[in-house]
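# Inside the fold
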Amino acid sequence: MSGTSDGSRFGARRLSPRRRARCRWDRLAPAPRGRGPRPACRGPSSCGWFRGSGAMSPQGAAADDLIFYVNGRKVIEKNADPEQMLLSYLRKRLRLTGTKYGCGGGGCGACTVMISTYEPSSKKIRHYSANACLLPICCLYGAAVTTVEGVGSTETRVHPVQERLAKCHGSQCGFCSPGMVMSIYTLLRNYPEPTPEQMIAALAGNLCRCTGYRPILDACKTFCKESVCCQRKANGKCCSDQEDDLFDKEEKVSTSLFSIDEFQPLDPTQELIFPPELMRMAENQPKRTLFFHGERMTWISPVSLDELLDLKAAHPKAPLVVGNTGVGPEMKFRGVFHPVVIAPARIPDLNVVKYTEDGLTLGAACSLSVAKDVLTNAISEFPEEKTKVFCAVLKQLRTLGGEQIRNVASLGGNIISRKSTSDLNPVLAASNCVLSLASRGKKRRIPLSDIFAGVGNNTITPEEILVSVHIPHSRKGEYVCAFRQAPRRENALSITNAGMRVLFEEGTDIIKDLSIFYGGAASTTVCAKQTCSALTGRHWNEQTLDEACRLILKEIAVPGSASGEKVDYKKTLIISFFYRFFLEVLQSLKTTDPYHYPGIPVEYGSVLQDFKTKMPQSIQIYQDIEPDQSPQDPVGRPIMHQSGIKHATGEAVYIDDLPSVDGELFLAVVTSSRAHAKIVSIDTSEALKVPGVFDVISAHDVPATNEFYYSDDPEIVFARNKVICVGQIVCAVVADSDVHAKQAAAKVKIEYEVLEPVILTIEEAIKHNSFFEPKRKLEQGNVDQAFETVDNIIEGEIHIGGQEHFYMETQSVLAVPKGEDKEMDVYVSTQHPAVIQEMVAASLGVPANRIMCHVKRVGGAFGGKLLKSGLLASVAAVAAKKTGRAVRFILSRGDDMLITGGRHPFIGKYKVGFMNDGRIRAVDVNYYINGGCTPDESVLVAAVSLLKMDNAYKIPNLRCWAYACKTNLPSNTAFRGFGFPQSALVTETWITEVADKTGLSPEKIREINMYKENEQTHFKQKLDPQNLIRCWNECMEKSAYYSRKKAANEFNKQNYWKKKGIAIVPLKFPFGLGTRYLSQASALVHIYTDGSVLLTHGGIEMGQGIHTKMIQVASRELNIPMSSIHFCETSTTTVPNACASAGSAGTDVNGMAVKDACQTLLKRLQPIINKNPKGTWNEWIKEAFEQSVSLSATGYFRGYNENMDWEKGEGQPFTYFLFGAACSEVEINCLTGDHKNLRTDIVMDIGCSINPAVDIGQIEGAFVQGIGLYTMEELKYSPEGVLYTRGPDQYKIPAVCDIPEQFSVSLLSSSQNPHAIYASKGIGEAGLFLGCSVFFALRDAVTSVRNERGLKTTFVLNSPLTAEQIRASCADDFTEMMTNNESASFTPRAISV
Ligand SMILES: Cc1cc2nc3c(=O)[nH]c(=O)nc-3n(C[C@H](O)[C@H](O)[C@H](O)COP(=O)(O)OP(=O)(O)OC[C@H]3O[C@@H](n4cnc5c(N)ncnc54)[C@H](O)[C@@H]3O)c2cc1C
Ligand code: FES
Ligand code: FES
């Protein structure tokens, strides 16, 4: 065994005496800026962490101290546990809770931190962003970590990034904000004046579910050097000159939501410096092998190649961990465990970057970002002919993962893990890259292609490690391409990818050497070896192409179970990629000899350009306040979110940020693995043996209510004798840590006896007549008679998939027994504290007055934190009651997605009768929603889908039924829009089909059938559609619809493989909750003797800015500045019986209550004010107190007078209507199905906006969520009812790359609403439906493909309209080749529910 660099040998170092582990640590307030760090705290620490003794490595070496810095403070961790990730270390050990947990798997960016390292040889400091959730603390030796707290705080200085994010309204719920701040901050540390491209790339790995990204990007743009003009060149003007044309000059409108003048400049000299001590350590201390031992795992970090080879020989099964982006997710999510890991990142041989005669050698531990930078440089330095391989590899690297992943993931890790989804292996293998492998006493070099092509000695042995990768220069006559298609263009694993290379005989188009490799087809990268040899010697022409496609299809088997599904799509991609390669090469040949090689037809040219993410351009237009409005009156102004700065500094507290309570326990649930089964037995014996486990809780422990009957079928806390879906909670483990609780939960054994039937899909529910009652029906006119008189009838069906809420903060509860009178404090991330109180009290069998539910803020909810949160709170409360301890219950992302259900999958079956002139006379529709296993709100969702199904159209004869199907899926629930986004999509679908049939355009059919004058809806409620028509016309005008449609048609004529599509969709969104009592609201306002005001009401802040708006209301009513008013929390102790914050109603109803309370107070103060009109607020309050005037008042709003008689099918279930219209334009790539959202223009009537920044934010955020629903978010269930898609790696919500390149939102001016506070309208939900304008624009593009190809006009597109569907609908020779393919016989891995 070779020695370490400090001369010691493994096992030769003496074991230091075990002692109680101490972390030298004090509070991690940011250290001073611009100078050296403060010395480390020497005193004893409260976060000492005892792990017991005996943690020796397999070599017997003692554990090293792990030394690193966090926010300028030194951390010495005596017992660093290799299993501990930085995220939990920061949050639990260091109490730095600004860094958030969103997914734990590197997919959301909520946990982004900046890592800084110093390289003594180059004397360079490297700053890079990383996901703390995948970063083992052990790899931080000698590094400096900066978290959001270290960037700035309200206590010290708010950093410009934090300030601008908040002031540009880039935070709503705020849960993603710290991660966003860290990504932007890190970029600015490296590039203080970044380009827009760098900025947008830096955010590719950060998800936000609320804002729709536009305001976040607005904040980013303020740091970019280049001016970012809108490039809206349709009329030759840019956005700034064009504003004049965008709105009516009569109206006084504004286009600015924030003022740049307010921003502090970015001053790089103010940043935390790299700790000098770490520099000294790196410079002076010889590098030596480090050992860290955890409870179960040992981490060894050698510093020389020899040591590494010895270690690998001793532990052939131990993985080499560099970025941990492969090993980490395997251990976290797939139950893989490694007792020993080896971290080779510090070994120089594995970090080489060497230019050689024939190419470039990169060490295997080089991060993908380093590889990307090196290749970028090389491309600029070497002649083009030599860099074709570099370009192809770089192309893959640009979209591989997000920046945080690329910064840590290693080249070697990507290659060696040989995952089918590796984007690098196909291109590296095709390009003849060579791997340098080493094992003890042996070195060899093998072409990567040998591994996948099954050539020679092609297996890498467990003892072998990859030292470096050689990427060769390309040669004359050689062409290399790489392709990938993923569910989302950025930060998503490929569905299929490819690397292709051809070398021609000199001066000819005769194939001398051809290499084709694919990823995504089988379990690893595969080579089309036979195809390549069969084609060698052939000319590069159409015959070769035909032959190649045939051979490739034959050779590359895509088994149905490979990565599961999309078999036909993958096969289509495989040959479409080859076709694209064929075109690229033809085009390149033209440049060498245009005479012999004429290139490709002009109309094929555009397909060679990939879609790129550009910094979007946007404009927001809203009506200005009246000039005579008092400057102090904030109503109507774009006021920043009350918590905006706290979101951006990470100071905003969410449930899991609450400090731990003495003796607190952690809860993890055990869920059913069967969809419908009897529970035969539950064996908890193994679970109870896990260290730290306290108890297992089940239905038997529930003191009172375990089943809640809100209708015939119950909502269930713990499954009792049987389970009715996969993911149902059967029992729960409580332990001293979340790790122990989860470990133990995995050891609970449940025996089942399967019950029949298992109903998963809507079709199965129909077959078994399995519905929740009542079914709902509405009818007007005489439908049957009308069908007899119409010119045409169409019949059809559309399936709309469900949607996961994907709130960034997962469901969270902290239940704290108070120790007397059976009182309990319950802190819950919920939209409905009153229901939590009610359910917890009922479960515990205590009166509601013993349960205090508190909600400070919620990290996104969207309808998903109503009843579900109540059940979860009951689970935690029962555990707290049984153990007498506080219980913290934070769902992991995977469990959250598995357990809680989401938007209902939906089928609409329609029959539509219409005249040749486009008038629709009769509609008969049936809606089926997949309710899942318990009723929740499914019947109500079905009812609302009926009430809102007409969208903007008057249908004289209409019959519609809605059925809530009872199935064995997790119970679905409320989700923004509540049934409307689905039923209105069905409506717009048949509208479009009528257009297809009549030959009229969809917009004409829409106009012909739109509500035009005062009319009645199909349930006889009066409706004035004037503003609907105004929105439609304004949207037509602002979007320049007709001229752009013409331009799109022109583009389509000139481009064969790329097509544009455009669509405009109207919106009528009725506001109301159907019953008066559901819209009652209360508020409580206290004035203290110093004049400050404490406000509370029943509404929940979940990102929609309700507290900000309520403070605006109170400020106007009391005529005091907003700064004098504080909102603390929503609580059942201050406002009892509050209705849920749902249905867009929060501001409306709570605003009325706040106004009422303030007016009561003002009335009491009036005599004092009258007596001293020139007095100040504080004087009046003092006087009032001295006169014994009560300074506390409640306010109340009785609710809207709404009703619905379902027997008669008539009523006034709504109070008013919102209107809007959206026009979207897209471009599709017919070869891959990929698309780009080019432009969206939205016009929305929301009355008089109380806060235009908040309201526009709601519209944009909802719209982007709608894009997700209608075009990308796919939930996948196994035929057994198991949800596959349990995290951002499998379930793709829109990211920065998905928002329209041009995005404009205008609020309709001069709109009044007599029914709501200050003439505003509730806006939370309406905008989501407008996302379907993208769906119909895509349909338009597909239609133009089909028309051009003479395909039949009627075709069905379901939602989400994914790339797979688009590709299949753009039928061509390639899809034709699939028709009779064997794959048709495969059982699909996922079912459509
Ligand atoms: C959120 C996310 C998104 C991703 N997106 C993409 C994507 O779009 N495209 C894509 O291709 N990949 C993607 N990946 C995968 C990622 O690129 C790979 O996981 C990464 O490159 C592996 O490198 P690592 O250093 O993190 O490996 P580690 O997890 O540290 O190790 C992975 C494996 O490689 C082995 N290994 C590492 N180095 C060596 C060596 N020198 N010699 C021998 N064995 C070695 C280890 O033993 C281990 O088994 C994504 C991963 C995540 C988490
Ligand atoms: S929590 Fe780390 S990326 Fe999602
Ligand atoms: S503000 Fe981004 S997730 Fe809520």
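Residues numbered from 1 in each chain as written. Chains lettered and ligands numbered in written order. Predicted model: local features only at pLDDT ≥ 70, side-chain atom pairs only at ≥ 80, totals over all residues. Heavy atoms only, no water.

Before going further, it helps to spend a moment on the overall build of the protein chain. Looking only at helices and strands, one finds 39 helices and 49 strands in the protein chain. The C-alpha extent of the protein chain, read off along each of the three principal axes, is 90 × 80 × 70 Å. Looking at the protein chain as a whole, 64% of its 1393 residues are labelled buried. Once local pairs closer than 6 in sequence are excluded, the contacts in the protein chain between residues at least 24 apart make up 78%. With the model as given, the accessible surface of the protein chain reaches about 49,100 Å², and the carbon-plus-sulfur share is 50%. (Helix = DSSP H or I, 4+ residues; strand = E, 2+ residues; numbered from the N terminus. Buried < 20%, exposed > 50% of the residue type's maximum accessible area, 1.4 Å probe, protein only. Contact = heavy atoms within 4.5 Å. Areas by Shrake-Rupley, 256 points an atom, 1.4 Å probe, with all protein chains shown as cover.)

Moving on, we get to the site of ligand 1. In the vicinity of ligand 1 lie 32 residues, with Val322, Thr325, Val327, Ser410 and Asp423 positioned nearest. Within the backbone of glycine 326, an N or O atom sits 2.8 Å from an oxygen atom of ligand 1. For ligand 1, an oxygen atom lies 2.8 Å from a polar atom in the backbone of valine 327. For ligand 1, whose free accessible area comes to 970 Å², the fraction covered by protein is 90%. Broken down by secondary-structure element, the contributors of at least two residues to the shell around ligand 1 are α14 (411-416) and β14 (465-472). A per-element tally of the shell around ligand 1 places α14 first, with 4 residues. Of the residues in the shell around ligand 1, the class split is 17 nonpolar, 13 polar and 2 charged. (Near = heavy atom within 4 Å. Polar contact = N/O pair within 3.5 Å; in protein donor to acceptor, adjacent residues only side chain to side chain. Nonpolar A, V, L, I, M, F, W, Y, C, P; charged D, E, K, R; others polar.)

Turning our attention to the pattern of salt bridges. In the structure shown here, the tally under the stated rule is 70 salt bridges. As a salt-bridge pair, glutamate 809 and lysine 865 come within 3.6 Å of each other at their nearest N and O atoms. One end of the pair, glutamate 809, is in the loop between β29 (792-800) and β30 (812-817); the other, lysine 865, is in the loop between β32 (851-855) and α26 (867-883), and 56 residues separate them in sequence. Like lysine 865, glutamate 809 is buried. Several salt bridges converge on common partners, so that one network encompasses Arg91, Lys92, Lys100, Asp656, Asp657, Glu664 and Arg888. (Salt bridge = Lys/Arg side-chain N within 4 Å of Asp/Glu carboxyl O.)

Turning our attention to the packing of aromatic side chains. Here the distance between the centres and the angle between the planes together describe a pair of aromatic rings. What the rule picks out here adds up to 37 aromatic pairs. Plain terms: the ring middles of phenylalanine 504 and tryptophan 540 are 5.6 Å apart, the flat faces sit at 80° to each other, and that makes the pair edge-to-face. Separated by 36 residues along the polypeptide, phenylalanine 504 in strand β16 (residues 496-504) and tryptophan 540 in the loop between α17 (529-535) and α18 (542-555) bring together distant segments of the chain. The pair phenylalanine 504 / tryptophan 540 is uniform in exposure class, with both members buried. Between tyrosine 604 and tryptophan 1057, the aromatic rings sit 5.9 Å apart at their centres with planes inclined by 70°, giving edge-to-face as the arrangement. Placement of the pair is tyrosine 604 in the loop between α19 (567-592) and β19 (617-623) and tryptophan 1057 in the loop between α32 (1041-1054) and β39 (1058-1071), with a sequence separation of 453 residues. By way of ring pairs, the aromatic residues Tyr479, Phe504, Trp540, Phe578, Tyr579, Phe581, Phe582, Tyr604, Tyr1056, Trp1057 and Phe1374 are connected into one cluster. (Phe/Tyr/Trp six-rings, centres within 6.5 Å; stacked < 30°, edge-to-face > 60°.)

As a further point, take the sheet that holds strand β40 (residues 1081-1087). Here we have 4 strands laid out as an open sheet, ordered β42-β41-β40-β44, and mixed in their pairing. Pairing within the sheet leaves two strands with one partner each, and these edge strands are β42 (1125-1127) and β44 (1192-1197). The average undirected angle you get between the axes of adjacent strands in this sheet is 25°. Helix-sheet contacts for helix α33 (residues 1106-1118) involve β41 (1093-1097) and β42, and the interaxial angle to β41 is about 125°. Of the strands in this sheet, β40, β41 and β44 are in contact with helix α34 (residues 1146-1171), which crosses β44 at around 140°. (Pairing = 2+ DSSP bridges. Axes fitted to C-alpha atoms, helices over the stretch in contact; angles between N-to-C directions.)

Right, let's get into the packing of helix α25 (residues 833-844) against α26. Taken N-terminus to C-terminus, the directions of α25 and α26 make an angle of 40°; their axes are 8 Å apart at the nearest point. Relative to α26, the element α25 lies oblique. Note on packing geometry: the crossing formed by α25 with α26 is right-handed. On α26, the residues that touch Ile836, Met839, Val840, Ser843 and Leu844 of α25 are Leu867, Ser869, Gly870, Leu871, Ala873, Ser874, Ala877, Val878 and Lys881. When the residues that make up the contact of α25 with α26 are grouped by side-chain class, the tally is 9 nonpolar, 4 polar and 1 charged. (Parallel < 35°, antiparallel > 145°, perpendicular 65-115°, else oblique. Left-handed = near helix turned anticlockwise from the far one by under 90°.)

Moving on: the side chain of glutamate 664. With respect to the helices and strands, glutamate 664 occurs in the loop between α20 (644-649) and β20 (665-671). Glutamate 664 sits in the buried class, given a relative accessible area of 9%. One polar contact links glutamate 664 to arginine 888, side chain to side chain, over a distance of 2.7 Å. Setting aside its immediate chain neighbours within four residues, glutamate 664 contacts Pro659, Leu814, Ala886 and Arg888.

Before going further, it helps to spend a moment on the environment of glutamate 384. Here glutamate 384 is to be found in the loop between α11 (368-381) and α12 (388-399). Expressed as a C-alpha distance, the spacing of glutamate 384 and serine 474, which sit 90 residues apart in the sequence, is 8.9 Å.

Now for empty space enclosed by the protein. Space left empty within the atom packing is revealed by a probe, the size of a water molecule, rolled over the atoms. Taken as a whole and assessed by the stated rule, the structure comprises 14 cavities of 30 Å³ or more. Lining the largest cavity are 18 residues, and of these Ile716, Gln728, Lys868, Leu871 and Ile899 sit closest to its centre. Going through the elements one at a time, β24 (715-716), α26 and α27 (893-900) are the ones with two or more residues in the lining of the largest cavity. Among the elements that line the lining of the largest cavity, the one with the most residues is α26, at 4 residues. Among the residues making up the lining of the largest cavity, the classes are represented as 11 nonpolar, 5 polar and 2 charged. (1 Å grid on protein atoms, 1.4 Å probe; cavity = no way out; pocket = protein on both sides within 12 Å on 5 of 7 lines; lining within 4 Å. Points joined across faces, edges and corners; volume = space filled by probe spheres on them.)

Residue-level pLDDT values for the protein chain average 92, and 93% of them are 70 or greater. Taken as a whole, residues 1-57 scores under 50 in pLDDT and shows 137 contacts with residues more than four places along the chain or in a different chain. With pLDDT under 50 throughout, residues 230-237 is counted as low confidence; its partners more than four residues away or in other chains account for 17 contacts. (pLDDT = per-residue confidence, 0-100.)

A few words now on the sheet that holds strand β9 (residues 340-342). Spatially, the 3 strands line up as an open sheet ordered β7-β8-β9, and their pairing is mixed. Among the strands making up the open sheet, the edge pair consists of β7 (290-293) and β9. Strand after strand, the sheet turns through a mean of 15° between neighbouring axes, direction not considered.

Between glutamate 773 and the following residue, proline 774, the backbone shows a cis peptide bond with an omega angle of -5°. As for its placement among the helices and strands, proline 774 is situated in strand β28 (residues 771-780). For the bond from serine 1359 to proline 1360, the omega torsion is 0°, close enough to zero to count as cis. Positionally, proline 1360 belongs in the loop between α37 (1332-1348) and α38 (1363-1369).

Together, Glu542, Asp546, Asp1373 and Glu1376 give the surface a local cluster of negative charge. Every element with two or more residues in the negative patch is listed here: α18 and α39 (1373-1379). By secondary structure assignment, the location of glutamate 1376 is in helix α39. Look at glutamate 1376 and you get exposed, because its relative accessible area is 54%. (Patch = residues over 30% accessible without salt bridge, like charges linked within 9 Å, V, L, I, M, F, W, Y side chains within 5 Å. Lys, Arg positive; Asp, Glu negative; His and termini not counted. Charge placed at Lys NZ, Arg CZ, Asp CG, Glu CD.)

Counting 303 residues, the largest nonpolar core has Trp540, Phe578 and Trp990 as its most contacted members. When residues in this core are grouped by element, the largest group, 14 residues, is from α19. By size, the runner-up hydrophobic cluster in this structure holds 85 residues, among which are Leu66, Leu94, Leu134 and Val145. (Core = buried A, V, L, I, M, F, W, Y, C linked by side-chain atoms within 4.5 Å.)

Glancing now at the pairing of β7. By the alternation rule, side chains of β7 split into Leu290 and Phe292 and Phe291 and His293, which are all buried. Bridging between β7 and strand β8 (residues 298-301) involves 4 bridges; their strand directions are antiparallel. Bridge pairing links histidine 293 to threonine 298 in β8. Counting the residues that bridge the hairpin from β7 to β8 gives 4 residues.

Our next topic: the state of the cysteines. In this structure the tally under the stated criterion is 0 disulfides. You can see cysteine 366 has no disulfide; the closest cysteine sulfur is in cysteine 433, sitting 14 Å from it. (Disulfide = S-S within 2.5 Å.)

We now examine the environment of serine 869. For serine 869, the location among the structural elements is in helix α26. When its relative accessible area of 1% is taken as the criterion, serine 869 is described as buried. Sequence-wise, serine 869 and leucine 553 are 316 residues apart; in three dimensions their C-alpha atoms are separated by 49 Å. Residues within four places of serine 869 in sequence aside, it is in contact with Gln811, Val828, Ser829, Thr830, Ile836 and Gly864. Among the polar contacts listed, one links the side chain of serine 869 to the side chain of glutamine 811, at a separation of 2.9 Å.

On to the side chain of serine 874. The residue serine 874 is located in helix α26 in this model. A relative accessible area of 0% places serine 874 in the buried class. Of the polar contacts made by the side chain of serine 874, one reaches the backbone oxygen of methionine 839; its length is 3.4 Å. Among residues more than four places away in sequence, those in contact with serine 874 are Phe708, Val717, Met839, Val840 and Ser843.

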